[in-house]
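# Structural features, examined
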Amino acid sequence: MVIGGTTPLMLAGCEDRLSALHPAGPAAALIATLWWVMLAGAAAILVLVLVLLALAFRRGGGPSAGDSRGEAVWIKGLGLGFTMTVLAALTAWGLWIGERLLPRPGPGVVAVEAQGRQWAWRFTYPDAPGRVTEGALHIPAGRPVDVRITSADVIHSFWVPRLAGKLDAIPGHVNVLRIQAWAPGEYAGLGAEFNGPGYRRHHFTVVAHDAAAWDAFLAGETP
Amino acid sequence: MTDKPRLTALRLHKALHPIWKNDPGWKGRFTTVNNNDIGTMFILGATGMFLAGGILAMLIRAQLASPRSVFMGPEVYNQIFTMHGTIMMFLFAIPFFEALTVFLLPGMLGTRDLAFPRLSSYGFWCYMIGATIMILALVAGVAPDGGWFMYPPLSSSAFSPGINTDIWLLGISFIEISAIGAAVEVVVTVLRYRAVGMTLDRLPIFAWYMLVVAVMILTAFPPMILGSLILELERAFDMPFFQAEHGGDSLLWQHLFWLFGHPEVYIIFLPAAGVISMILPVMARTTLLGYGWVVAAAISLAVLSFGLWVHHMFTTGIPHMGLAFFSAVSTLVAVPTGVQIFAWIGTLWKGRPELHLPMLWILGFFVTFVMGGLTGVMVAMVPFDWQAHDTYFVVAHLHYVLIGGYVFPMIAAVYYWLPVLTGRKRFFRMGEVAFWLVMAGFHGTFLLLHWAGLLGMRRRIDSIEAGSGWEGINLLASISGFVLAIGFALVILDVAVNAFVAVRGRRNPWNAGTLEWATPIPGPAYNVASIPVVASRYPLHDNPGLPVQIARGEGFLGNPVRNRRETLAVSVARAEPEFIAVFPQNSIIPFAMAVVTSVMFMAPVWKWYGLMLASALGVTALAMCWAWQGGSRRDEGLLDAGRGVSLPPHTEVPCPPGWWGSLFLLLADGVLFGSLLFGYAFLWTVAPNWPPPAILEPGGLGPVLAAGGVVLACAGIRLADRAIRKAGVPWIRLGASLAGLAALGAAAWTVFGGTTHDAHAYDATLWVIAGYVVFHAGVAGLMVLFLMARIRAGYVSARRFGDARVVRLWIDYAALTAILGLGAAWLPGWLA
């Protein structure tokens, strides 16, 4: 079903082409950082819990503290104090990152339109009226791009793992996702919401051009 | 001298047994209303569904073991994964803990059965028949294939024209009867049927958890039932609730589904937490640290779980500040979870833990669930979820939480309570081997799948591609998955073998302190020979002689002279004896009604609406037979309850058990109605293509009928109630109430005249609101007629007016929903 100048075949062999952890743009990079920090923190907390658990067995039948002291340490200290502190910090940071990923108006923002359907993607360009590409989204590299996502039939989701998180294409709604590629190149994209028998093949490609190639694309000179 | 107590106990058993025993032979299986039997059948049924879901899981892993597998095409694969999720969530996880609760709760509370024994039977049969239908659909190749959360428009008739989706919507709604029924039972049982002196702060902690879970079921399932109903209406009659071009919105489904779906995760987790809170202190030879804190944590978890459904919708384009709120609540929910985890570890520190098999499974729980909880916090971070959503990261996370947080504790529970279930202690030692196989298999399967998700492996793809970088992970997952399956099979085999051939065990082998260990094992049909008096949370630790005293009839109702099934109802908070509840005999009605109900639910799949209506009439008739069976035609006055206390029977108290049952059923009903109004407001404010082209004109007739109907119906039943209590004959007053209900129905009917059901989501919503009002006016009207017949037959007197109170409750509810529903329907017309 994939029409257009590029196919995922060109990218086959590159095992990281769908990896959210090999970012090729600022949004994916921020999220990847968030992941690595959370992974380290989660590992530390897991070790803490397991050590506390193991020590409970090692202690044997020592004199146990009274219930009220136990409650102070275990429930108020660890259960409430520790978890709330960690979670408050993490939530605040997550919120801050989320704010930075929003499609805010700014200089040099390019708008494109993506419409999902069973089982293809169709892209249009307000900067080049009448220009339609199927299966390949063209963007300029190094500039923020707002993708206006809609659906022609069921719910889909627009996802280019190396560039940014995903956002759903919902009938009757327009959702705007900010993506940006640091460098020219091709980035694999996926429909990421289950949409029936053709779901596995619901691919597309993002082609990021340098400034000259982008101008040429808008002028209608490249596919 | 030493023989004497045993003799007394034996004599009492011989008196009680004929009263409580089942019908003989095969028939007894279908007519039993006893919680031990129903609990056992329920556990077996749910275990069978776990096997079915497990086989599907193996098929999934076989398909994904190698790239470009041709084992199944997408059409089959989509049915397999949809049914795997559906079976595990709806046919295994929820029914299994319900089954365990049905079995264990009366014993823990020191009472003789659940509050509504026939409802236990009806719920069980609805579950069993519904589950069978779902499995048959799978075998026939017409199983649902849209994923277990059934998002429209993919599940709408335009994109899923077959009957697959209808089977899901109607079949699951039917099965949910058993969840709602069990929830009503658990709430009323925990609140009213307990040992004397078992005040709320002395409840076994599992009962607290189940009380919370039951209230959650009553408030979480209705949105989902409403969603299924309106999606089915859209599919059958083209009422456009989810079609954007006609003012509908597919996001409405997601809200309704996750309003159910997220609390459901905690509905599944909390029983497991309750089990751990019971077992872990016993394994550590101590008492639970921070009982009050743990109860508070369970309650706050329940409350918070209703505030985070949107975290399943972080990628749907909801404004970021809105997401921030739900992200914060989603992390906040980890706080009460953390409180419980640390309370348990603190309990272990406080005591002297021993590594018996149940404890081993609880340790497996700790390792696995903590990891699942930590990845849960990760996906609660909105930006991270934008990447992880709908990938195998989420698949791995949810299996860590559900298997680690639910299945492992449930296995611990089965091993721990095996002596109560079977009367035998564990003899064969296959269990330890099975445990290590499961642990190795589980983490081998799911740990690296997190990573595959971050490498871009979407959930629900029907095969993996070569060169994706996930082939190795998937092969390992598939091999480990089969190890996991062998481990689970060994657990089931081990339990089965031990259940049948192990040696008879002694009572209370773990030396636990709660009442389920006070009865002979396995428990007799009446559970307790007399209702004990307790003075702490661990009555068997206070008084090791309590089991003998119970068996000798030294508690309440230890002298069954009236030759009927009786148990004691206590006051809610202080657990003082309040009245004697008389339980029903064995009955085929629940089974028959479940069969007819299944026809009523499944007939619309093939659009056989005549059959649906006929079976609805059948259900109504059977329900009336059911209700007719209770009660008494004479005043009994105060009866001897033992220990020098005299109490009235339940027929002679103002708020009988039926009133309490109605109250909690109406809570669920009210949540459904509230969800309907939420949907109306949501569509009006969020959906595209609003306001609708034409707005309903309220006119004068409808509002006048509604106002008059409310006054007449409510006043009529109140005056009738007064007349009954003064031994008067209230025909005219009941007639007035009936007329009022008819007027309410007619008022709602005017809405149908002013709108076209398939014109716009607005019209469709108004039809459902009006239909809801008509339906409840009709139900209340039938109840008034029923009450009239009961009065004529002599079941009602100045002392026996409980029936009238039940009817009053339903009339008030019908009136309230008419005011709110019709008001909401007419409001735009008045404002315009």
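Given the structure is predicted, the values throughout are model-derived calculations rather than measurements.

Next up on the list: the overall build of chain B. When its secondary structure is counted, chain B shows 25 helices and 4 strands. The C-alpha radius of gyration of chain B comes to 27 Å, within 12% of the 28 Å expected for a compact globule of 832 residues. With the principal axes as the frame, chain B shows a C-alpha extent of 80 × 75 × 45 Å. Taking as baseline every contact in chain B between residues at least 6 positions apart, the subset at least 24 positions apart corresponds to 82%. Accessible area of chain B: about 27600 Å², with a carbon and sulfur share of 70%. The distance from the centre of the 49 positive side-chain charges to the centre of the 42 negative ones in chain B is 15 Å.

Residues and elements named next belong to chain B. Locating I133 in the fold gives a position in helix 5 (residues 117-139). Of the residues examined, I133 reaches a relative accessible area of 22% and is grouped as partly exposed. Put simply, I133 and A143 are 10 residues apart on the chain and 9.9 Å apart in space, counted from C-alpha to C-alpha.

All names here are of chain A. By the assigned domains, chain A splits into domain 1 (26-100) and domain 2 (106-218). Opposite the 5 residues of domain 1 that make contact, domain 2 presents 7 residues. Both faces considered, domain 1 and domain 2 share a buried interface measuring about 410 Å² in area, 71% of it formed by carbon and sulfur atoms. When the buried area of domain 1 at its contact with domain 2 is split by residue, P26, A27 and A28 rank highest and sum to 81% of it.

Here the focus is the sheet that holds strand 5 (residues 145-151) of chain A. Residues and elements named next belong to chain A. Taken together, the 5 strands give an open sheet; going across it, the order is 3-2-1-5-8, and neighbouring strands pair in mixed fashion. Every other strand in the sheet has two partners, leaving strand 3 (132-134) and strand 8 (175-179) as the edge strands with one partner each. Sheet twist, expressed as the mean angle between neighbouring strand axes with direction ignored, is 25°. Taken together, the 7 bridges between strand 1 (residues 110-117) and strand 5 define a ladder with parallel strand orientation. Across the sheet, G116 pairs through a bridge with S151, a residue of strand 5.

Pairing is possible between side chains of opposite charge, provided their charged atoms come close. Residue and element names in this part refer to chain B. Scanning all chains against the criterion turns up 23 salt bridges over all chains. Between K27 and D23 there is a salt bridge; the shortest N-O distance is 3.9 Å. Looking at K27, the relative accessible area reads 53%, which means it is exposed. For R564, the salt bridge identified is with E566, shortest N-O distance 2.8 Å. Accessibility classification places R564 together with E566 in one group, the buried group.

Let's shift gears to the pairing of strand 8 of chain A. All names here are of chain A. Counting buried positions along strand 8 yields 4 of 5 residues, so the element is predominantly enclosed. Pairing of strand 5 with strand 8, which is carried by 5 bridges, proceeds in the antiparallel orientation. Residue R148 lies in a different strand from strand 8, and its bridge partner there is V176.

Residue and element names in this part refer to chain A. With respect to topology, 5 strands assemble into an open sheet ordered 4-10-9-6-7, the strand pairing being mixed. The sheet is open, and its two borders are formed by strand 4 (136-140) and strand 7 (167-169), each paired with just one other strand. Direction aside, the axes of adjacent strands within the sheet are offset by 30° on average. Judged from the 2 bridges that link them, strand 6 (residues 156-159) and strand 9 (residues 185-191) form a sheet pairing that is antiparallel. The residue of strand 9 that forms the bridge with F158 is G191. Strands in contact with helix 3 (residues 211-218) are strand 4 and strand 10 (203-209); relative to strand 4, the strand with the most contacts, it is inclined by about 125°.

Contacts between the two partners involve 85 residues from chain B and, on the opposite side, 78 residues from chain A. Counting each side, the surface lost to burial between chain B and chain A is near 6900 Å², with a carbon and sulfur contribution of 72%. There are 1 salt bridge connecting chain B and chain A. Viewed at the interface, chain A and chain B are joined by 20 residue pairs in polar contact (both at pLDDT 80 or more). For the side of chain B that touches chain A, the secondary-structure elements that each account for two or more residues are helix 4 (74-109), helix 8 (250-283), helix 10 (320-332), helix 11 (334-350), helix 12 (357-380), helix 13 (382-388) and helix 15 (430-454) of chain B. Top element by residues in the side of chain B that touches chain A is helix 11 of chain B. It accounts for 11 residues. Residues of the side of chain B that touches chain A, tallied by class, amount to 48 nonpolar, 24 polar and 13 charged.

Our focus in this paragraph is the domain arrangement of chain B. Examined at the domain level, chain B breaks down into domain 1 (355-505) and domain 2 (691-831). With centres defined by C-alpha atoms, the gap from domain 1 of chain B to domain 2 of chain B works out at 51 Å.

Moving on, we come to the side chain of T651 of chain B. Structurally, T651 of chain B is set in the loop between strand 4 (646-647) and helix 21 (657-686). Not counting residues within four places of it along the chain, the set of residues in contact with T651 of chain B comprises G631, S632, R799, R800 and F801 of chain B.

Residues and elements named next belong to chain B. The N-to-C vectors of helix 22 (residues 701-725) and helix 23 (residues 731-754) enclose an angle of 155°; their axes lie 7 Å apart at closest approach. Taken together, helix 22 and helix 23 sit at an angle that is classed as roughly antiparallel. Crossing hand, helix 22 versus helix 23: left-handed. Between helix 22, through G702, L705, A706, G709, V710, L712, A713, G716, I717, L719, A720 and A723, and helix 23, the contact on the second element is made entirely by R733, L734, A736, S737, A739, G740, L741, A743, L744, A746, A747 and T750.

This part takes up the packing of helix 19 (residues 589-602) of chain B against helix 20 (residues 609-629) of chain B. Packed helices, taken two at a time, are described by the angle their axes make and the gap between the axes. Residues and elements named next belong to chain B. Where helix 19 contacts helix 20, the axes come no closer than 8 Å and their chain directions differ by 160°. One finds that helix 19 runs roughly antiparallel with respect to helix 20. Considering how the two elements wind past one another, helix 19 and helix 20 form a crossing that is left-handed. Seen from helix 19, the contacting residues are I589, P590, A592, M593, V596, T597, V599 and M600; seen from helix 20, they are L611, M612, S615, A616, G618, V619, L622, A623, C625, W626 and Q629.

For the coordinates displayed, the defined rule picks out 76 aromatic pairs over all chains. Residues W35 of chain A and W36 of chain A carry aromatic rings whose centres are separated by 6.0 Å and whose planes lie at 55° to one another, so their mutual orientation is tilted. Owing to a relative accessible area of 5%, W35 of chain A belongs among the buried residues under this scheme. Judged by centre distance (6.3 Å) and plane angle (55°), the ring pair of F206 of chain B and W417 of chain B falls under tilted. Of this pair, F206 of chain B sits in helix 7 (residues 205-237) while W417 of chain B sits in helix 14 (residues 392-422), and the two are 211 residues apart along the sequence. Residue classification places F206 of chain B among the buried positions, given a relative accessible area of 1%. In textbook terms, an aromatic cluster arises when at least three aromatic residues are bridged by ring pairs, as seen for F90, W148, F149, Y151, W168, F221, F241, F242, W253, F257, W258 and F260 of chain B. Across the ring face of F217 of chain A, the terminal group of R131 of chain A is positioned such that the distance to the ring centre comes to 4.4 Å. Taking NZ or CZ as reference, R790 of chain B lies 5.2 Å from the ring centre of W628 of chain B, over its face.

The rules we used
Residues numbered from 1 in each chain as written. Chains lettered and ligands numbered in written order. Predicted model: local features only at pLDDT ≥ 70, side-chain atom pairs only at ≥ 80, totals over all residues. Heavy atoms only, no water. Helix = DSSP H or I, 4+ residues; strand = E, 2+ residues; numbered from the N terminus. Rg over C-alpha atoms; globule rule 2.2 N^0.38 Å. Contact = heavy atoms within 4.5 Å. Areas by Shrake-Rupley, 256 points an atom, 1.4 Å probe, with all protein chains shown as cover. Lys, Arg positive; Asp, Glu negative; His and termini not counted. Charge placed at Lys NZ, Arg CZ, Asp CG, Glu CD. Buried < 20%, exposed > 50% of the residue type's maximum accessible area, 1.4 Å probe, protein only. Domains from an automatic or database assignment. Buried area = accessible area lost by both parts, 1.4 Å probe. Pairing = 2+ DSSP bridges. Axes fitted to C-alpha atoms, helices over the stretch in contact; angles between N-to-C directions. Salt bridge = Lys/Arg side-chain N within 4 Å of Asp/Glu carboxyl O. Polar contact = N/O pair within 3.5 Å; in protein donor to acceptor, adjacent residues only side chain to side chain. Nonpolar A, V, L, I, M, F, W, Y, C, P; charged D, E, K, R; others polar. Parallel < 35°, antiparallel > 145°, perpendicular 65-115°, else oblique. Left-handed = near helix turned anticlockwise from the far one by under 90°. Phe/Tyr/Trp six-rings, centres within 6.5 Å; stacked < 30°, edge-to-face > 60°. Lys NZ or Arg CZ within 6 Å of the ring centre and 35° of its normal.

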